[in-house]
Amino acid sequence: MALSNKLDRQLEDLWPNLSSEGYEVKSIATERYNCIAFAADDPSVNWWPAANEADGYWPISQREVSLACFKEAFASLRYEECGDGLEKDFEKIAIYVFDGLPTHAAKQLPDGRWKSKLGFEEDIEHNSVKAIEDEVCYGKAVLYMKRPISNG
Amino acid sequence: MSQTAPRYHFVDISADIVDANKPNPGLVSGLERKFREYADKWYAETRRDSSITRILSNENYLRVIELGTPVIPLILKELQSRPRPWFLVLRVLTKNENVGRGYPGNFEKMAEAWINWGRERGIIK
């Protein structure tokens, strides 16, 4: 993977909106952490409410692949529901849903762009939430949550 | 909407674990070919997924379970090169729920625990 030009054609094949919306590759591919952990600022393990606790770290006792459970998990990190868009002194996450189930989380950067860990692939910075929306895997961003940056 | 864990149905496995240090070219090559095919398809089909539920319920991943206990050495060798989440397959095939349990979501530590488990039993070097 060529990090030098900050683009990856394979990623663009998987997420068709990437090239038109704009993005940069920011890491090498790794299985060490997934998107939920990355959005929660914990790039050390994979976060997921897996049925077997060994298969994923989860910050709350409720383990269910549902939007309500993901909202509760980020609430435990002092996030609360909000609208989209950049808000001064707040950091935001966006949760994506496909076919009614949570699939992905992205975190907003201070300049209003977003960062995501893409499956087993790389971390990227993308100019919009739409950049990684699709009709087969991540679906659409449906829930935004924020917390004061000072609480981070 | 919630997603429940898949239920697995597989035949009773009576074969012993293949000794990776004992040559058995016919058996190993056929098994390796099947394992490689399923593993590569699993990687390709789940590489963009963040959902561990989806990753662990992929059809090709579940087909590795059908290969039975002889595939265990191949999975352990695979973990030595990349810490992908083979842990559900290993738990089912070995009936051991405890290996790596202290490291939820930490694939590197869990892989290390399973590799050590295999070494202690002479399954891999």
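Looking at the overall build of chain A
Within chain A, the secondary structure is distributed over four helices and seven strands. Ordered by position from N to C terminus, the α and β elements of chain A give α-α-β-α-α-β-β-β-β-β-β. With the C-alpha coordinates of chain A rotated into their principal frame, the extents come out at 40 × 35 × 30 Å. Long-range contacts, defined as pairs at least 24 residues apart, comprise 55% of the intrachain contacts of chain A with a sequence gap of at least 6.

Structural notes on the overall build of chain B
Scanning chain B from N- to C-terminus turns up six helices and zero strands. What you see in chain B, going N to C, is helices and strands ordered as α-α-α-α-α-α. For chain B, the residues scored as buried account for 35% of the 125 residues in total. Sequence-distant contacts in chain B: of pairs separated by 6 or more residues, those separated by 24 or more amount to 63%.

Section: the nonpolar core
Within the largest apolar cluster, 68 residues are counted, with the highest numbers of intra-cluster contacts made by Ile 93 and Ala 94 of chain A together with Ile 75 of chain B. With sequence-adjacent residues up to four places away left out, Ala 94 of chain A is seen in contact with Ala 105, Ala 106, Trp 114, Val 129, Ala 141 and Tyr 144 of chain A.

Description of the confidence of the model for chain B
Residues and elements named next belong to chain B. Looking at chain B, the pLDDT average stands at 85 and 78% of residues meet or exceed 70. Throughout residues 5-16 the model reports pLDDT below 50, and contacts reaching past four residues in sequence, or to other chains, amount to twelve contacts. Scoring of the predicted complex yields 0.86 for pTM and 0.88 for ipTM.

Remarks on the interface of chain A and chain B
Taken residue by residue, the interface counts 29 residues in chain A and 26 residues in chain B. When residues of the side of chain A that touches chain B are traced back to their parent elements, those giving at least two are α3 (35-39) and β4 (101-108) of chain A. Counting residues per element, the side of chain A that touches chain B draws most heavily on β4 of chain A, at three residues. Residue composition of the side of chain A that touches chain B, by class: 15 nonpolar, eight polar and six charged.

Some thoughts on the pairing of strand β7 (residues 140-148) of chain A
Residue and element names in this part refer to chain A. Two strands pair when backbone bridges link them, and strand β2 (residues 80-82) and β7 are joined in this way by three bridges, in the antiparallel orientation. Note on β7: the bridge partner recorded for Cys 82 is Tyr 144. As judged from the eight bridges shared by strand β3 (residues 90-98) and β7, these two strands associate in the antiparallel manner. Among the inter-strand pairings, Phe 90 is bridged to a residue of β7, identified as Pro 148.

What to know about helix α6 (residues 107-120) of chain B
Residue and element names in this part refer to chain B. Taking 1.5 Å of rise per residue, the 14 residues of α6 would be expected to cover 20 Å, and the 20 Å separating its terminal C-alpha atoms lies within 8% of that figure. Looking at α6, one finds that the buried residues are Phe 107, Met 110, Ala 111, Ala 113, Trp 114 and Gly 118. One side of α6 carries all its buried residues, which in axial view fall inside an arc of 160 degrees. Facing away from the buried surface of α6 by more than 90 degrees, the exposed residues are Arg 119 and Glu 120.

Comments concerning unusual backbone geometry
A positive phi angle is found at Asp 41 of chain A, which is not glycine, with a value near 60 degrees. By the secondary structure assignment, Asp 41 of chain A is in the loop between α3 and α4 (67-75). In this model, Lys 95 of chain B sits at a positive phi of 60 degrees, which is unusual for a non-glycine residue. Tracing the chain through its elements places Lys 95 of chain B in the loop between α5 (87-94) and α6. Residue Lys 95 of chain B is classed as exposed on the basis of its 8 C-beta neighbours within 10 Å.

Overview of the environment of Ser 61 of chain A
By the secondary structure assignment, Ser 61 of chain A is in the loop between α3 and α4. For Ser 61 of chain A and Leu 118 of chain A, which are 57 residues apart along the polypeptide, the C-alpha to C-alpha distance reads 26 Å.

So, the environment of Pro 70 of chain B
Residues and elements named next belong to chain B. Of note, Pro 70 is situated in the loop between α3 (59-66) and α4 (72-81). Residue classification places Pro 70 among the buried residues on the basis of 20 C-beta atoms within 10 Å. For Pro 70 and Trp 117, which are 47 residues apart along the polypeptide, the C-alpha to C-alpha distance reads 16 Å.

Criteria and cut-off values
Residues numbered from 1 in each chain as written. Chains lettered and ligands numbered in written order. Predicted model: local features only at pLDDT ≥ 70, side-chain atom pairs only at ≥ 80, totals over all residues. Helix = DSSP H or I, 4+ residues; strand = E, 2+ residues; numbered from the N terminus. Contact = placed C-beta atoms within 7 Å. Buried ≥ 20, exposed ≤ 12 C-beta atoms within 10 Å, placed from the backbone. Core = buried A, V, L, I, M, F, W, Y, C linked by C-beta atoms within 7 Å. pLDDT = per-residue confidence, 0-100. Nonpolar A, V, L, I, M, F, W, Y, C, P; charged D, E, K, R; others polar. Pairing = 2+ DSSP bridges. Expected span 1.5 Å × (residues − 1). Arc of directions from axis to C-beta.

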